[in-house]
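Listed below, chain by chain, are the residues.
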Amino acid sequence: MKTNLSIKEKMAIDRVKMPEQDPRIRVRNFEEVKLGLTEMQAIQEAQRCLNCKSKPCVAGCPVGVRIPEFITALASGDLPEAARILVTDNTLPAVCGRVCPQEEQCEVECVLGKKGEPVAIGYLERFVADWALQNPGELESAPIPEPTGKKVAVVGCGPAGITMASELNRKGHAVTVFEALHATGGVLRYGIPEFRLPKFIVDIEVERLREMGVTIECNVIVGKTITLGELQEEFDAVFIGNGAGLPMMLGIPGENLKGVYSANEYLTRVNLMAAWRDDSATPIMRGKNVVVIGGGNTAMDSVRTGARLGAERAIIVYRRSEAEMPARVEEIHHAKEEGIEFALLTSPLEIIGDEDGWVKAIRCQRMELGEPDDSGRRRPIPIEGEVYDIEVDVVVNAIGTQANPLLTATAPHLKLNKWGNIMADDQGATSLSGVFAGGDIVRGGATVILAMGDGKTASEAIDNYLGRC
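Notes on the structure in this doc start here. Just so we're clear, the structure is a prediction, and the values are computed from it rather than from any experiment. (Residues numbered from 1 in each chain as written. Predicted model: local features only at pLDDT ≥ 70, side-chain atom pairs only at ≥ 80, totals over all residues. Heavy atoms only, no water.)

### A few points about the overall build of the protein
Here is step 1: What the protein contains, in helices and strands, is 17 helices and 15 strands.
Here is step 2: The C-alpha radius of gyration of the protein comes to 23 Å, within 12% of the 23 Å expected for a compact globule of 469 residues.
Here is step 3: The dimensions of the protein, computed from C-alpha atoms along their principal axes, are 65 × 60 × 50 Å.
Here is step 4: Of all 469 residues assigned to the protein, the portion counted as buried reaches 54%.
Here is step 5: Taking all contacts inside the protein whose residues are at least 6 apart in sequence as the whole, residues at least 24 apart take part in 69%.
Here is step 6: As displayed, the protein has an accessible area near 21300 Å², and 50% of this comes from carbon and sulfur atoms. (Helix = DSSP H or I, 4+ residues; strand = E, 2+ residues; numbered from the N terminus. Rg over C-alpha atoms; globule rule 2.2 N^0.38 Å. Buried < 20%, exposed > 50% of the residue type's maximum accessible area, 1.4 Å probe, protein only. Contact = heavy atoms within 4.5 Å. Areas by Shrake-Rupley, 256 points an atom, 1.4 Å probe, with all protein chains shown as cover.)

### A few points about the layout of surface pockets
The rolling of a water-molecule-sized probe over the atoms marks out the regions of remaining empty space.
Here is step 1: Taken as a whole, the second largest pocket encloses approximately 1200 Å³ of empty space.
Here is step 2: Those elements giving two or more residues to the lining of the second largest pocket turn out to be α6 (79–89), α9 (159–170), β2 (174–178) and α11 (199–212).
Here is step 3: Per-element tally for the lining of the second largest pocket: the top contributor is α11, with 7 residues.
Here is step 4: A breakdown of the residues in the lining of the second largest pocket according to their chemical character gives 17 nonpolar, 11 polar and 9 charged. (1 Å grid on protein atoms, 1.4 Å probe; cavity = no way out; pocket = protein on both sides within 12 Å on 5 of 7 lines; lining within 4 Å. Points joined across faces, edges and corners; volume = space filled by probe spheres on them. Nonpolar A, V, L, I, M, F, W, Y, C, P; charged D, E, K, R; others polar.)

### Topic: the packing of α9 against α11
Here is step 1: Running from N to C, α9 and α11 cross one another at 30 degrees; their axes reach a closest spacing of 10 Å. The orientation of α9 relative to α11 falls into the category roughly parallel. Considering the relative orientation of α9 and α11, their crossing is left-handed. Of α11, the residues touching α9 (which contributes I162, A165, S166, N169 and R170) are V206, L209 and M212.
Here is step 2: Partitioned by chemical class, the residues of the contact of α9 with α11 number 5 nonpolar, 2 polar and 1 charged. (Axes fitted to C-alpha atoms, helices over the stretch in contact; angles between N-to-C directions. Parallel < 35°, antiparallel > 145°, perpendicular 65-115°, else oblique. Left-handed = near helix turned anticlockwise from the far one by under 90°.)

### What about the sheet that holds strand β7 (residues 289–293)?
Hydrogen bonds between backbone groups are what pair the strands of a sheet, and the pairing can be parallel or antiparallel.
Here is step 1: Taken in spatial order, the 5 strands make up an open sheet running β6-β13-β7-β8-β9, and their pairing is parallel. The two strands at the open ends of the sheet, each matched to only one other strand, are β6 (260–262) and β9 (341–343). For this sheet the average axis-to-axis angle between neighbouring strands, irrespective of direction, equals 25 degrees.
Here is step 2: As judged from the 3 bridges shared by strand β8 (residues 313–317) and β9, these two strands associate in the parallel manner. Within β9, the residue paired with I316 across the bridge is F342.
Here is step 3: Strands in contact with helix α13 (residues 263–271) are β6, β7 and β13 (394–397); relative to β6, the strand with the most contacts, it is inclined by about 85 degrees. (Pairing = 2+ DSSP bridges.)

### Structural notes on the environment of L124
Here is step 1: Position of L124 relative to the elements: it lies in helix α8 (residues 121–134).
Here is step 2: A relative accessible area of 0% means that L124 is categorised as buried.
Here is step 3: Through-space distance from the C-alpha of L124 to that of A46 is 7.2 Å; in sequence the pair is 78 residues apart.
Here is step 4: Those residues in contact with L124 that sit more than four places away from it in its chain are L37, A42, E45, A46, F70, I71, L74 and V119.

### Focus on the side chain of S166
Here is step 1: With respect to the element layout, S166 can be found in helix α9.
Here is step 2: Beyond its immediate sequence surroundings of up to four residues, S166 is in contact with T91, L209 and M212.

### Describing the nonpolar core
General note: in soluble globular proteins, nonpolar side chains tend to be found buried as a group.
Here is step 1: Judged by nonpolar contacts, the single largest core of 74 residues is most densely connected at I67, F70, I71, L74, L124, L188 and I462.
Here is step 2: Those residues within four positions of I462 in sequence are excluded, and the remaining contacts are V152, M164, L168, A237, F239 and F436.
Here is step 3: With 29 residues, the next largest nonpolar core counts Y266, A314, I316 and I340 among its residues. (Core = buried A, V, L, I, M, F, W, Y, C linked by side-chain atoms within 4.5 Å.)

### Topic: α11
Here is step 1: An ideal rise of 1.5 Å per residue puts 20 Å on 14 residues; α11 measures up with 20 Å between its terminal C-alpha atoms.
Here is step 2: Burial in α11 covers these residues: K199, I201, V202, E205, V206 and L209. Axial view of α11: buried residues confined to an arc of 160 degrees, hence all on one face.
Here is step 3: Looking at the buried residues of α11, the elements they touch are α7 (93–99), α8, α9, α10 (187–190) and β3 (215–217). (Expected span 1.5 Å × (residues − 1). Arc of directions from axis to C-beta.)

### Section: unusual backbone geometry
Most of the time, phi is negative for any residue but glycine, and the peptide bond is trans.
Here is step 1: Unusually for a residue other than glycine, N51 sits at a positive phi of about 50 degrees.
Here is step 2: Relative to the helices and strands, N51 resides in the loop between α3 (39–46) and α4 (56–59).
Here is step 3: Residue class for N51 comes out partly exposed when judged on its relative accessible area of 41%.
Here is step 4: Of note in this structure, A274 is not a glycine but carries a positive phi near 55 degrees.
Here is step 5: On the secondary structure map, A274 appears in the loop between α13 and β7.

### What about the packing of aromatic side chains?
Here is step 1: Throughout the structure, instances matching the rule amount to 4 aromatic pairs.
Here is step 2: Ring plane angle 45 degrees and centroid distance 6.3 Å describe the contact between F30 and F195, whose orientation is recorded as tilted. Taken together, the positions of F30 in the loop between α2 (23–26) and α3 and F195 in the loop between α10 and α11 put the pair 165 residues apart, joining distant regions of the chain. One exposure class covers both F30 and F195, and it is buried.
Here is step 3: Between F436 and Y465, the ring centres sit 5.9 Å apart and the planes meet at 70 degrees, which makes this aromatic pair edge-to-face. Note that F436 is positioned in strand β15 (residues 435–437) and Y465 in helix α17 (residues 448–468), a separation of 29 residues in sequence.
Here is step 4: F436 sits in the buried class, given a relative accessible area of 5%. (Phe/Tyr/Trp six-rings, centres within 6.5 Å; stacked < 30°, edge-to-face > 60°.)

Structure follows, in C-alpha cells:
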C-alpha cells in the first residue's frame, strides 16, 4: 500500500464505513453493534489525514490527544507507536473510541470535513486502543515514579475518577478511589449498554489501575460510610467525581405507578445486575409496549434496551423534533434501523394505571415548535385539542439527572449552585482548600470525554497544590 500520498490523493480516498451487526439480528442480542475495522481499513483511513500544522482536531479533544501523531504512526503501519501515543494521552481510549461524540468535537474541527467527510478519528482511536488491549506485550511499561509521600482520595470510579487516579499515580502520588457501588466503572458500567460498550473493556482498564498501584475500595458511600471531612483529615487532597445520578422527575400524574422506571434504574438493572437473564436476582419488567420519554443518548440506550428485552413496540416520546434531539446522530440512526418508533413533537401529560396500580397507557399532547428558549432550541408549544393515548406496560423516564445530595449534605461549607452541583473553577478547585471536583457533579449531565477532561485538568491542579503544601 502506498504511504507517501499527495494531498489530492488523500482527499480522493472515501471515508471508511464501520462494519456492523445486521439490525434484524442485533435487536435481539446484547452483543456489540459495531464490529471494528480491519488493519487494512484502519491504515487506509489513517492515510486520509492531512497532518495539519495547526492541528485543529487536537483543540477539539477535551483530553488533548495528539491526534495527528497517532494517526500518522498508524498510517505508516507502526501500531506500537500509535498505541504508545494514544494510551499516554488518554486513560480510556477503547472507551472513547466507542462512546465519545467525535462528530461534535475532534472530527468537526477536521480540515477534510470542510469540503467532504472528516477523518474517522473515533474509529481509528477504537482500532488502535483495541490493538493495544490485545497486544499488551508490544507496549513499553511506563516508568515507575518516585513516591512523593502525598495521598489523594478520589470519590467515584467513573470516567473522571479513573482518569484522575491514573494521572496522579503517574506523578508518584498514592491514590485511593472510593466507589459507592459494588462494581467499578461508574456510568461506564451501569449506564451504557453492553451493545455499545462491552464491560470487559472497563474491567481491563480498572485492572490496569490496580496494577499501577492504585487502591480501589467499593461499597463506600461518601456522605454515609465516610464523610468528606473525614477524607480531608486522612488525605492531602480530595477529588470528587461521583457523577450526578439522581433522576429528574416528570412531574405528571401516574409516575409512581408500577412499571415506571427512571432510566438510571432501568439501565442499572440491566447493565450492572444482568436483569436481562432469566435467572437474575434482580428482575425487570419485559413489556410488550415500552415507552421511553426523552431525546438524549440515555433515552436511546433505554429504548434500544427495551427492544432487546423483547418489546413488540419500543417508542421514543420526545417533545421537540428530531433536529433538536441531543442524542448522537449515529445512535438515532441505529435506533431507527432496529425498528424503534419515534413519537416526536409529543409531550407526556399523564401515565394511566389499571385497578391494580400497573401502567396501562400514557396520555400525550401533540406539540409544535415556537421561538427558541434559553437552551437555544425552539420551545415546544401544545396544540390545542391534540391529545391521544399510547397503550403501554413499561414507561422509562430519561429526561435527565441531577446531583445526589448524599455527599454534599455532609459538607456545609462546600459551595453549590442552584441545581445542587458543586461549584468549581476551570481547574477543578472548589470552595474548600485541597478539595477538587469534576465531571457531572460539576457540569450536570455531560459526556464521558468531558468528565475525563475534567479529571485530567484537575490532576494538574492537584499536583501543583500538593507541591505547595
